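Secondary and tertiary structure notes
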Amino acid sequence: MKRTERTAERVARPEDERLPIGMTFAYGLQHVLTMYGGIIAPPLIIGSAAGLDQAEIGVLIAACLFVGGLATILQTVGVKWFGSQLPLVQGVSFSGVATMGAIVTSGGGLPAVFGSVIVASLIGLLIAPVFATVIRFFPPVVTGSVITTIGLTLIPVAAMWAQGGNPSADDYGSPAFLGLAGLTFVVVLVLSKIGVGAISRLSILLSIVVGTIVAAALGIADFSSVGDGPIFALPTPFAFGLPTFEIAAIISMLIVILVTLTETTADILAVGEIIGTKVDSKRIAAGLRADMLSSAVSPIFGSFTQSAFAQNVGLVAITGVKSRFVVTAGGVVLVILGLLPVLGRVVAAVPPPVLGGAGIVLFGSVAASGIRTLAKVDYRGNMNLVIVASAIGFGMLPIAAPGIYHGMPEWFRIIFDSGISSAAVVAILLNLLFNHLKFGTPRRPSVFAAAPTRSIRVEQLDALEEGDAYVGGKLIDADGNEVAVERSDH
């Protein structure tokens, strides 16, 4: 009986829903298109810093797609001890780009990057269960603040895409790019309004297709390079040389891994909140282990640290498609793109303004999900308002003022230059300070503590009659006559 009950509970999880194979891969492709720009940006940046030519950078990109696909499949399908079994897309983490670029330019090159990723990820694999045990320190006041910050920190990415994706280009921010982004945004809204469920759920994918067609007609989309390069290519192990292990690089990368663990924990909690499923410490630990195992293996194929993609959490929120198998299908698509560079070049031809128009809705929906979580928080007679304000404020600092921490130590910049990790660290520490360490906290802790709700005495409420209303500072009865209000001198 117990086994039957466990099976029924497992099937009842919203993430275990199975859709028709065609719809599954259609939604999976939508996930790939949503994160494609993000997954190819790190190898582009790091490859350029390493002085690689276009063909070598192409190998890096293919490796990142291939490993990201495998990591996504592991995370969503799950095996014993590994994988959260949640609809989370995995890919190269942005949090380590600056550190890896510094390692490359300091003389270590890509081999030193790969060696530091392997060692730091294995350490992360060992400490992952520790992160999982802190779930009780992630109440709605923490998760809501972090989820809101995730959405807000992604908005500048959508803005950059909408302007053309390349700030150094002469036509960056041109009316044509902004118009194309606006058109894509409108198409998302129109398709979302259509009463056909399948079309509404595929609104992001269909809007990207429509936007790309319009861009091609306007001469903005360029497919001329699709035929350049090989059609099929297997990832070559250690294509850029055997990894080297430098202590300084490993220490720097370990800080990146701690940030990655924090961000992935936030994403696991966020997607669990969005789809309405139970997320416990065991599940978080399995998700973090999958992250770290994928990160440790990825340098073998020429890729980097792996983490959950926050923009795809937004896609889950806006489409309402909760099935993890949809994201598994997206992982299969990523693997295929990694094996077939020609398909990757087709997807790469989607103009950034199209992605930007869709990203406005996607990333905004993440922030909206966080706000919905914050609505559940009790703000009366406590410091939760200060926790939310401080966490979101710190999360926005590196977004509102990029480079604000340029004079701080490297380890500090790695943590706090990420709005997501900044918000997570501040929210967790302040929640511990104000809600767990009660010693020294007064009954009315601060002028910033939320005031109690307004109230009136029961006898005053009983004195009101049917139809009475308080309008413009006056009490009006059902017939529109003003009722005299006696004011006390006390």
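See the structure printed just above.
What counts and what doesn't
Within any chain, residue numbers begin from 1 and follow the written order of that chain's sequence. Totals for whole chains, interfaces and linings use every residue, but because this is a predicted model, local features are given only for residues with pLDDT of at least 70 and side-chain atom pairs only at 80 or more, for both listing and counting. Where side-chain values are given, they derive from all heavy atoms of the structure, hydrogens and water being excluded. For helices the rule is a DSSP run of H or I covering at least 4 residues; for strands it is a run of E covering at least 2, with both sets numbered from the N terminus onward. Categorising residues by exposure relies on relative accessible area from a 1.4 Å probe, with only protein chains included: less than 20% of the type maximum marks a residue as buried, more than 50% marks it as exposed, and the intermediate range marks it as partly exposed. Any two residues whose heavy atoms approach within 4.5 Å are treated as being in contact. Using a 1.4 Å probe, accessible areas were evaluated by the Shrake-Rupley method; residue-level cover was limited to the displayed protein chains. Salt bridge, as used here, is a side-chain nitrogen of Lys or Arg placed within 4 Å of a carboxyl oxygen of Asp or Glu. What qualifies as a polar contact is a pair of N or O atoms within 3.5 Å, subject to a donor-acceptor requirement within protein and to the restriction that residues adjacent in sequence count only when both atoms come from side chains. Helices are assigned an expected span. That span is 1.5 Å times one less than the residue count. In this analysis, axes come from line fits to C-alpha atoms, helices being fitted only over the stretch in contact, and the angle between any two N-to-C directions falls in the range 0 to 180 degrees. For this classification, under 35 degrees means roughly parallel, over 145 means roughly antiparallel, 65 to 115 means roughly perpendicular, and everything else is oblique. In this scheme the handedness of a crossing depends on how the near helix is turned from the far one: anticlockwise by less than a right angle means left-handed, clockwise means right-handed. Take the buried residues of types Ala, Val, Leu, Ile, Met, Phe, Trp, Tyr and Cys, join any two whose side-chain atoms come within 4.5 Å, and each joined set is a nonpolar core. Under the pairing criterion, centres of Phe, Tyr and Trp rings, with the six-membered ring standing for Trp, must be within 6.5 Å; the plane angle then separates stacked pairs below 30 degrees from edge-to-face pairs above 60, leaving the rest tilted. Asp, Glu, Lys and Arg are counted as charged, while Ala, Val, Leu, Ile, Met, Phe, Trp, Tyr, Cys and Pro are counted as nonpolar; the rest, among them Gly, fall into the polar class. The patch calculation keeps residues exceeding 30% relative accessible area without a salt bridge and links them within 9 Å when they carry like charges or within 5 Å when they are nonpolar (Val, Leu, Ile, Met, Phe, Trp, Tyr).

Let us look at the overall build of the protein. Tallying secondary structure elements over the protein gives 18 helices and five strands in all. For the protein, with 490 residues in total, the buried portion stands at 50%. Of all intrachain contacts in the protein linking residues separated by at least 6 positions in sequence, the fraction that spans at least 24 positions is 80%. Approximately 22900 Å² of the protein is accessible, and the part contributed by carbon and sulfur atoms is 66%.

This part is about the pattern of salt bridges. Applying the stated criterion across every chain yields a total of six salt bridges. For glutamate 15, the salt bridge goes to arginine 13, with nearest N and O atoms at 3.4 Å. For arginine 13, a relative accessible area of 17% corresponds to the buried category. The partner of aspartate 16 in a salt bridge is arginine 324, and the shortest N-O contact between them spans 2.7 Å. You can see aspartate 16 sitting in the loop between α1 (2–12) and α2 (21–49) and its partner arginine 324 sitting in helix α12 (residues 324–339), a full 308 residues away along the chain. Of the two residues, aspartate 16 and arginine 324, neither departs from the other in class, the shared state being buried. A single network of salt bridges, built from pairs that share partners, joins Arg13, Glu15, Asp16, Arg283 and Arg324.

A separate point is the side chain of threonine 277. Within the secondary structure, threonine 277 is located in the loop between α9 (247–275) and α10 (281–301). Among the polar contacts made by the side chain of threonine 277, one reaches the side chain of glutamate 15 at a distance of 3.0 Å. Not counting residues within four places of it along the chain, the set of residues in contact with threonine 277 comprises Arg13, Pro14, Glu15, Leu86, Gly272 and Arg283.

In this model, helix α15 (residues 384–400) (17 residues) spans 24 Å end to end at C-alpha, consistent with the 24 Å of a helix rising 1.5 Å per residue. Buried within α15 are the following residues: Asn384, Val386, Ile387, Val388, Ala391, Ile392, Gly395 and Pro398.

We now examine unusual backbone geometry. A positive phi angle is found at glutamine 85, which is not glycine, with a value near 55 degrees. When its relative accessible area of 14% is taken as the criterion, glutamine 85 is described as buried. One non-glycine residue, phenylalanine 238, lies in positive phi territory at about 50 degrees. Positionally, phenylalanine 238 belongs in the loop between α8 (203–217) and α9.

A word on the packing of α8 against helix α14 (residues 352–374). Where α8 contacts α14, the two axes come as close as 9 Å, and the packing angle between them is 155 degrees. In terms of orientation, α8 and α14 fall into the roughly antiparallel class. Seen along the crossing, α8 lies across α14 with a hand that is right-handed. Of the residues in α14, those in contact with Ile204, Ser207, Ile208, Gly211 and Thr212 of α8 are Val354, Leu355, Ala358 and Leu362.

Here the focus is the nonpolar core. Counting 102 residues, the largest nonpolar core has Leu110, Ile150, Ile208 and Phe304 as its most contacted members. At twelve residues, the largest contribution of residues to this core is made by α9. Not counting the four nearest positions on each side in its chain, phenylalanine 304 is found in contact with Pro43, Ile46, Leu60, Cys64, Val92, Met100, Leu110, Val113, Phe114, Val117, Ser295 and Ser298. Counting residues in each nonpolar core, the second largest holds six residues, with Val259, Phe412, Ile415 and Phe416 among its members.

A few words on the packing of aromatic side chains. Across all of its chains, the model carries five aromatic pairs by this definition. With centroids separated by 6.3 Å and ring planes inclined at 65 degrees, the aromatic side chains of tyrosine 405 and phenylalanine 416 adopt a geometry described as edge-to-face. With a gap of eleven residues between them, tyrosine 405 in the loop between α15 and α16 (410–416) and phenylalanine 416 in helix α16 connect regions that are remote in the sequence. For the pair tyrosine 405 and phenylalanine 416, a shared accessibility class is recorded, and that class is buried.

Moving on, we come to the packing of α9 against α10. Where α9 meets α10, the axes come as close as 10 Å, and the angle between the chain directions of the two elements is 135 degrees. By the angle between their axes, α9 is oblique relative to α10. Considering only the axes of α9 and α10, their crossing is right-handed. Facing Ile257, Thr260, Leu261, Thr264, Thr265, Ile268 and Leu269 of α9, the residues of α10 in contact are Ile284, Gly287, Leu288, Asp291 and Met292. When the residues that make up the contact of α9 with α10 are grouped by side-chain class, the tally is seven nonpolar, four polar and one charged.

Looking now at a nonpolar patch on the surface. On the surface, Val186, Val190 and Ile194 cluster together into a nonpolar patch covering about 220 Å² of accessible area. Within the fold, valine 190 resides in helix α6 (residues 175–193).

With that settled, the discussion passes to helix α5 (residues 140–162). With 23 residues, α5 ought to run about 33 Å at 1.5 Å a step, and its terminal C-alpha atoms sit 32 Å apart, in line with that. In the segment just after α5, glycine 164 is the residue with positive phi, at about 125 degrees.

With that settled, the discussion passes to the environment of glycine 229. Its place among the elements puts glycine 229 in the loop between α8 and α9. By relative accessible area, glycine 229 is classed as exposed at 51%. Each C-alpha atom, one on glycine 229 and one on glycine 58, is 9.2 Å from the other, the two residues being 171 residues apart in sequence.

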